[in-house]
Amino acid sequence: SARAAVAHLVEIGRRRIAVIGADPQAEQAGDVSSATLRTQGYREALEDAGLDVDPRLIRRAEHWNRATGAAATRELLDEGIEIDAVFALNDTLGLGVIHALRAAGVSVPQDVAVVGFDNIEESRYSTPSMTTVDTGRERIADQAVALLLERIGPQPSTAPPRTVKPEFRMVRRESTGFTTPD
């Protein structure tokens, strides 16, 4: 799903795509976390598009909140690093990104497009509304409960563990140049 988010930015013509919320230390250590998996998807999408991964565009945010999203964005701008898009590893970071860009006089999406992740309610009502990945949290919860009940129910399953990948969808909104239907 992170790969699809960055591919969306590439599809709309963006080439200098920053990622905010990465954890390079965890990535190097081989830790499996949301940050690591989403950053991996970022890297893969850039490679798929034939774009170089510029380490200066990969920004850490220890806490995934508005303040750290804004701070990481201000750092990019203060360092004069050219960007035309940001992939925030969650919507809360993305709200901070949009705030910092607008405060610096950068137009979203004309100058810098922004994509978040999780489709929280605030992303629909931000200005501009934020394009995001809807991970289908409710479907994930329903599926987790069903699998648990299958495992511990009246006739517990002895089937081997399996990997289940829930579906996701891109919700295209104003932060990447789309008019919002909702």
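What you are looking at is a predicted structure, and each value in this text was computed from that prediction instead of being measured. (Residues numbered from 1 in each chain as written. Predicted model: local features only at pLDDT ≥ 70, side-chain atom pairs only at ≥ 80, totals over all residues. Heavy atoms only, no water.)

## Some remarks on the pairing of strand 3 (residues 85-88)
Note the cut-off: Each residue is assigned to one of three classes by its accessible area relative to the maximum for its type, calculated with a 1.4 Å probe on protein chains only: buried under 20%, partly exposed between the two thresholds, exposed over 50%. Strands are runs of DSSP state E lasting at least 2 residues, helices are runs of H or I lasting at least 4, and numbering of each runs from the N terminus. When DSSP finds two or more bridges between a pair of strands, those strands are recorded as paired. Throughout, right-handed denotes a crossover for which the path from the first strand over the helix to the second runs clockwise when the strands point away from the viewer.
The two faces of strand 3 match: Ala85 and Phe87 on one face and Val86 and Ala88 on the other face are all buried. Of the pairings in the sheet, the one linking strand 1 (residues 17-22) to strand 3 comprises 4 bridges and is parallel in character. Residue alanine 18 lies in a different strand from strand 3, and its bridge partner there is valine 86. Taken together, the 3 bridges between strand 3 and strand 4 (residues 113-115) define a ladder with parallel strand orientation. Bridge pairing in strand 4 links valine 86 to valine 114. Once you follow strand 3 into helix 5 (residues 91-103) and on to strand 4, the crossover reads as right-handed.

## Let's talk about the packing of helix 4 (residues 66-78) against helix 5
Definition in use: Throughout, an axis means a line fitted to C-alpha atoms (over the contacting stretch in the case of helices), and angles, computed between N-to-C directions, take values from 0 to 180 degrees. The scheme is simple: roughly parallel for angles under 35 degrees, roughly antiparallel for over 145, roughly perpendicular for 65 to 115, oblique for anything else. Working rule for handedness: look at the near helix, and if it is turned counterclockwise from the far one by less than a right angle, call the crossing left-handed; if clockwise, right-handed. In this description, contact between two residues means that some pair of their heavy atoms is separated by no more than 4.5 Å. Charged means Asp, Glu, Lys or Arg here, nonpolar means Ala, Val, Leu, Ile, Met, Phe, Trp, Tyr, Cys or Pro, and polar covers whatever is left, Gly included.
In the contact formed by helix 4 and helix 5, the axes pass within 7 Å of each other and the chain directions differ by 45 degrees. With respect to each other, helix 4 and helix 5 are oriented oblique. In this structure, the crossing between helix 4 and helix 5 has a hand that is right-handed. Packed against helix 4, whose contacting residues are Arg66, Thr68, Gly69, Ala70, Thr73, Arg74 and Leu77, the element helix 5 presents Thr92, Leu93, Leu95, Gly96, Val97, Ala100 and Leu101 at the interface. Residues that form the contact of helix 4 with helix 5 fall into these classes: 7 nonpolar, 5 polar and 2 charged.

## Comments concerning the side chain of threonine 73
The residue threonine 73 is located in helix 4 in this model. Under the relative-accessibility criterion, threonine 73 is labelled buried at 0%. Threonine 73 has contacts with Ile20, Val97, Ala100 and Leu101, leaving out every residue within four places of it along the chain.

## Description of the pattern of salt bridges
The condition that has to hold: Between Lys or Arg on one side and Asp or Glu on the other, a salt bridge is scored when a side-chain nitrogen of the former is within 4 Å of a carboxyl oxygen of the latter.
Summed over the entire model, instances satisfying the criterion amount to 9 salt bridges. One salt bridge in this structure joins glutamate 44 and arginine 3, with 3.4 Å as the shortest N-O distance. One end of the pair, glutamate 44, is in helix 3 (residues 34-48); the other, arginine 3, is in helix 1 (residues 2-11), and 41 residues separate them in sequence. On the basis of relative accessible area, glutamate 44 is assigned to the partly exposed category, the value being 22%. Here glutamate 79 and arginine 59 are joined by a salt bridge, their closest N and O atoms 2.7 Å apart. Of this pair, glutamate 79 sits in the loop between helix 4 and strand 3 while arginine 59 is found in strand 2 (residues 58-60), placing the two residues 20 residues apart along the sequence. Overlapping salt bridges, with partners in common, bring together Arg3, Glu44 and Asp48 in one network.

## Topic: the packing of helix 1 against helix 3
Packing of helix 1 against helix 3 leaves a shortest axis separation of 7 Å and a crossing angle of 40 degrees. Considering the angle they form, helix 1 stands oblique to helix 3. Crossing handedness for the pair helix 1 and helix 3: right-handed. Contacts between helix 1 and helix 3 involve Ala2, Arg3, Val6 and Ala7 from the first element and Arg38, Gly41, Tyr42, Glu44, Ala45, Leu46 and Asp48 from the second. Across the contact of helix 1 with helix 3, the residue classes break down as 6 nonpolar, 1 polar and 4 charged.

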